[in-house]
Structure formats: structure tokens, C-alpha cells
Amino acid sequence: MQTSIPHATDETPDLRFTLRGTSRSEAEVERDDLRDLLAVIRDALDIPANPRREELLSARTLLISGTLRDVLDGTPVMGIPWETDLLRRMVREGGGPDA
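Computed from a prediction, not measured in an experiment: that's the story for all the values here.

## A closer look at the overall build of the protein chain
Looking only at helices and strands, one finds 3 helices and 2 strands in the protein chain. Listing the helices and strands of the protein chain from first to last along the sequence gives β-β-α-α-α. Each of the 99 residues in the protein chain was classed as buried or not, and the buried ones make up 25%. When the accessible surface of the protein chain is totalled, it reaches about 7100 Å², and 56% of it is carbon and sulfur.

See the structure below:
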């Protein structure tokens, strides 16, 4: 299955750069960024039963859908970490999991 997210190939040099004092490949950074995004999505959808559950779930589904569209289309505004932080912030402002 093809993806819009670039991955290292045999023709692509293994670029390394330093983040938080560790040397990680571009693929490792991308993996971690996507894992963080998935964790935020999981947390956003994990809403306990309460009177606002359906309302929150509907609103969060729209937020998640927009974020996933941008990431999968390869058009995240400022990169995956930025999209992740924006989603996290929007979910928090719209009501946390205990709202």
C-alpha cells in the first residue's frame, strides 16, 4: 500500500540528526511522531459514560478526521508534531475525558 508519508529507501541516505541529545534516524523520529499522534487519538476517543459523551465524541471525531486527512495527504501545516499538539490542545479546550 502506498503512502504519502515519505520513508527511507535503499536510495535514500540514512539522515541522522540530534533531538534531545540522542541521535535518531529520520525514520525513528517519524515513527515516534506517529506513535504520539495515535496516542492522542486514542485518548481523545476514550470518553467515559456521561451526559456529554455523544456530543464530545462527535466533536472529537471531526477534529481527528481533519488531522488524519492532513497527515495522510502529506499536507500537515507545520509537521506531524505540530498537528499532534494542536489536536491535543483542541481536545483539552473542548472538554477533557472527564468532562
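## Concerning the side chain of D70
Mapped onto the elements, D70 comes out in helix α2 (residues 53-72). By relative accessible area, D70 is classed as buried at 17%. Residues within four places of D70 in sequence aside, it is in contact with T75, P76 and E83.

## Brief notes about helix α1 (residues 26-45)
End to end, α1 covers 29 Å across 20 residues, agreeing with the expected 28 Å (1.5 Å per residue, within 8%). Within the span of α1, buried status applies to V29, E30, D33, L37, A39, V40, I41 and A44.

## Let's talk about a nonpolar patch on the surface
Side chains of V77, M78 and W82 sit close together on the surface and give an oily, nonpolar patch of about 320 Å² of accessible area. Within the element layout of this structure, V77 appears in the loop between α2 and α3 (80-93). Owing to a relative accessible area of 56%, V77 belongs among the exposed residues under this scheme.

## Considerations on the environment of L63
Position of L63 among the secondary structure elements: in helix α2. Look at L63 and you get partly exposed, because its relative accessible area is 23%. Sequence spacing of L63 and R88 is 25 residues, and the spatial spacing of their C-alpha atoms is 9.9 Å. Residues in contact with L63, not counting those within four places in the same chain, are L87, M90 and V91.

Here is what the cut-offs are and how they apply
Here the residue numbering is sequential within each chain, running from 1 through the sequence in written order. Local features in this predicted model are restricted to residues of pLDDT 70 or higher, and side-chain atom pairs are both shown and tallied only at a pLDDT of 80 or more, whereas totals for entire chains, interfaces and linings draw on every residue. Side-chain metrics rest on all non-hydrogen atoms present in the structure, leaving aside hydrogens and water. Strands here are runs of E lasting at least two residues and helices are runs of H or I lasting at least four, both read from the DSSP assignment and numbered beginning at the N terminus. Using a 1.4 Å probe on the protein chains alone, a residue whose accessible area is under 20% of its type maximum counts as buried, one over 50% counts as exposed, and one in between counts as partly exposed. Residue exposure ignores everything except the shown protein chains as possible cover, and the areas themselves are Shrake-Rupley values with a 1.4 Å probe. Contacts: residue pairs with any heavy atoms within 4.5 Å of one another. Expected helix span is taken as 1.5 Å per residue step, with the number of steps being one fewer than the number of residues. What goes into a patch is any residue over 30% in relative accessible area without a salt bridge, connected to like charges within 9 Å or, for nonpolar side chains (Val, Leu, Ile, Met, Phe, Trp, Tyr), within 5 Å. For this analysis, a salt bridge means a side-chain nitrogen from Lys or Arg found within 4 Å of a carboxyl oxygen belonging to Asp or Glu.

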